[in-house]
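Understanding the architecture of this molecule
Spelled out, the chains give:
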Amino acid sequence: MDDGLLRRLRVEQARVLLDHADPHHAVRLACDLLVAGVDGEAVVALAAESARTLPTHDADRHLAAIIAELGLPELDLPTAVALIAADTSERILDRSIPAEVGTHGLYVVGYEGSRLNDLLPAVTALASRLEDDLGGRADDDLRTQLAALARTILRRTAAADPAA
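As the structure is a prediction and not an experimental result, all values here were calculated from the model.

Quick look at the packing of helix 7 (residues 120-133) against helix 8 (residues 140-160)
Pairs of packed helices are described in terms of their axes, by the angle between the two and the distance that separates them. Closest axis-to-axis distance for the helix 7/helix 8 pair is 11 Å, and the angle between their directions is 165 degrees. Classified by the angle their axes make, helix 7 and helix 8 are roughly antiparallel. Handedness of the crossing formed by helix 7 with helix 8: left-handed. On helix 8, the residues that touch A122, V123, L126, R129 and L130 of helix 7 are D141, L142, Q145, L146 and L149. In the contact of helix 7 with helix 8, the residues fall into seven nonpolar, one polar and two charged.

Considering the nonpolar core
Residues L106, V109, L149 and I153 are the most contacted members of the largest nonpolar core, which totals 26 residues. When residues of this core are traced back to their parent elements, those giving at least two are helix 1 (3-18), helix 5 (77-93), helix 7 and helix 8. Ranked by the residues each element gives to this core, the list is headed by helix 5, at six residues. Setting aside residues no more than four positions away along its own chain, V109 makes contact with V81, A85, S114, L116, N117, L119, L120, V123 and I153. Core analysis: the next-biggest nonpolar cluster, separate from the first, contains 18 residues, L9, A21, L33 and A47 among them.

Criteria and thresholds
- Residues numbered from 1 in each chain as written.
- Predicted model: local features only at pLDDT ≥ 70, side-chain atom pairs only at ≥ 80, totals over all residues.
- Heavy atoms only, no water.
- Axes fitted to C-alpha atoms, helices over the stretch in contact; angles between N-to-C directions.
- Helix = DSSP H or I, 4+ residues; strand = E, 2+ residues; numbered from the N terminus.
- Parallel < 35°, antiparallel > 145°, perpendicular 65-115°, else oblique.
- Left-handed = near helix turned anticlockwise from the far one by under 90°.
- Contact = heavy atoms within 4.5 Å.
- Nonpolar A, V, L, I, M, F, W, Y, C, P; charged D, E, K, R; others polar.
- Core = buried A, V, L, I, M, F, W, Y, C linked by side-chain atoms within 4.5 Å.
- Buried < 20%, exposed > 50% of the residue type's maximum accessible area, 1.4 Å probe, protein only.

Below you can see the structure in the form of structure tokens.
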């Protein structure tokens, strides 16, 4: 398995630990794992699911089975937070998620033990501005500030993990 697939798997593992996996991302990841030759029973079972109808708790269960099948270690909370924050930041910057979703997704930095928890006031300020001043719809100025915060998170997570 290449580093990109492993990273995607670890991000989904982190999402299961802190919340829930996205069924669409989970099924797509399983399909990509199959193409890469990772074809254990758990991978095949998840790849066979429908991304549209797979319940979140079933996606979580399938991902846990894949993690166990591959023998990957559990993630600690600070690592899980860093993985999700970095992934969310990348999605903000490539605009694959709306700024509104990304803003709220960055609240993950506030988890106890997070190495990024000093950024929580910046996330809270952006979310408050988004909801209170902009009625839940991001403007160009908020998108610019959010992108700057996302770049900061990516710099910090890369510095903490030289393999990233």
